[in-house]
Amino acid sequence: MKKYKLLFCSLGLFFPGTGLNCLYLQGLRSFWGWAQMLSLIGGIAGWQILKESHLHSAPGWVLITFGFIAIEASWLTTIVFGLRPDEKWDAQFNPGLEPQKATRSGWLVVLTVIFSLVLGVGVMMTFLAIAFEQFFISQLQEARKLSQ
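Note that the structure is a prediction, hence the values are computed from the model and not measured.

What follows covers the pattern of salt bridges. Side-chain pairs of opposite charge can arise where the charged atoms are in close proximity. Throughout the structure, instances matching the rule amount to 2 salt bridges. For the salt bridge of Lys5 with Asp86, the shortest nitrogen-to-oxygen distance reads 2.8 Å. A residue pair is termed long-range when its members are at least 10 positions apart, and Lys5 in helix H1 (residues 5-14) and Asp86 in helix H5 (residues 86-93) qualify at 81 residues. The pair Lys5 / Asp86 is uniform in exposure class, with both members buried. The closest approach of N and O atoms between Lys145 and Glu142, which form a salt bridge, is 3.4 Å. Of this pair, Lys145 and Glu142 both sit in helix H6 (residues 107-147), 3 residues apart, which is roughly one turn of the helix. For Lys145, a relative accessible area of 57% gives the class exposed. Residue classification places Glu142 among the partly exposed residues on the basis of a relative accessible area of 41%.

Spelled out as structure tokens, the structure:
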């Protein structure tokens, strides 16, 4: 069965962290697809923990970090595989494909790569800003405890 680069990139862009793009390429035996899915579920659980603890839970931060990594990894693989030359894509995922049926990436693949880059950078900057803010707030609180 022919593997389409546009479908892979679309799954990575619109369903980040679910591992559907990896499962599309390798089927149910994809280690990274399942790892992404479990990490996303852990990230959702971490978010629930953080909401209940008002952002003061170390296990919640660890779990949400795994979810964040899963989402970012999905967008990163979309960028990497979307920018891969069509000949290399066909050699790896469509071996023995007839030349007239070769993959021809178009503007839609390029747009999925662009949007994955924009979303990936935006989410990463937001996550880092919140994480550093919480770190410095906790440091200020500990300093106030010591000074009393």
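After that view of the structure, there is still more to cover.
On to H6. For H6, spanning 41 residues, the distance from its first C-alpha to its last is 60 Å, which sits close to the expected 60 Å at 1.5 Å a residue. Among the residues of H6, those classed as buried are Val109, Thr112, Val113, Ser116, Gly120, Phe127 and Gln134. Buried residues belonging to H6 abut H1 and helix H4 (58-82).

Let us look at the packing of aromatic side chains. Considering all chains together, one arrives at 10 aromatic pairs under this definition. Both rings, one in Phe8 and one in Phe81, keep their centres 5.1 Å apart while their planes meet at 80 degrees; by these two values the pair is edge-to-face. Of this pair, Phe8 sits in helix H1 while Phe81 sits in helix H4, and the two are 73 residues apart along the sequence. With relative accessibility at 0%, the residue Phe8 sits in the buried group. Residue classification places Phe81 among the buried positions, given a relative accessible area of 17%. A network of ring pairs unites the aromatic residues Phe8, Phe81, Trp89 and Phe93 as a single cluster.

A few words on the side chain of Gln134. By the secondary structure assignment, Gln134 is in helix H6. Owing to a relative accessible area of 13%, Gln134 belongs among the buried residues under this scheme. In this structure Gln134 touches Leu55, His56 and Trp61, once residues within four positions along its chain are discounted.

Right, let's get into unusual backbone geometry. Glycine aside, negative phi is the norm for most residues, and most peptide bonds take the trans geometry. Residues other than glycine seldom take positive phi values, yet His54 does so here, at roughly 55 degrees. Here His54 is to be found in the loop between helix H3 (31-52) and H4. Since its relative accessible area comes to 62%, His54 is described here as exposed. The phi dihedral of Leu55 falls on the positive side, at around 65 degrees, and the residue is not glycine. Its place among the elements puts Leu55 in the loop between H3 and H4.

In terms of nonpolar packing, the biggest core is built from 9 residues, these being Phe8, Cys9, Leu11, Tyr24, Leu25, Phe81, Trp89, Phe93 and Val109. Mapped by element, the contributors of at least two residues to this core are H1, helix H2 (20-26) and H5. Element by element, the count of residues in this core is highest for H1, at 3 residues. In this structure Val109 touches Lys5, Leu6, Cys9 and Gly82, once residues within four positions along its chain are discounted. The next biggest cluster of nonpolar side chains, apart from the first, holds 5 residues, and it includes Leu50, Trp61, Phe68 and Phe127.

Conventions used here
Residues numbered from 1 in each chain as written. Predicted model: local features only at pLDDT ≥ 70, side-chain atom pairs only at ≥ 80, totals over all residues. Heavy atoms only, no water. Salt bridge = Lys/Arg side-chain N within 4 Å of Asp/Glu carboxyl O. Helix = DSSP H or I, 4+ residues; strand = E, 2+ residues; numbered from the N terminus. Buried < 20%, exposed > 50% of the residue type's maximum accessible area, 1.4 Å probe, protein only. Expected span 1.5 Å × (residues − 1). Contact = heavy atoms within 4.5 Å. Phe/Tyr/Trp six-rings, centres within 6.5 Å; stacked < 30°, edge-to-face > 60°. Core = buried A, V, L, I, M, F, W, Y, C linked by side-chain atoms within 4.5 Å.

The values reported here are purely geometric and, on their own, carry no functional implication.
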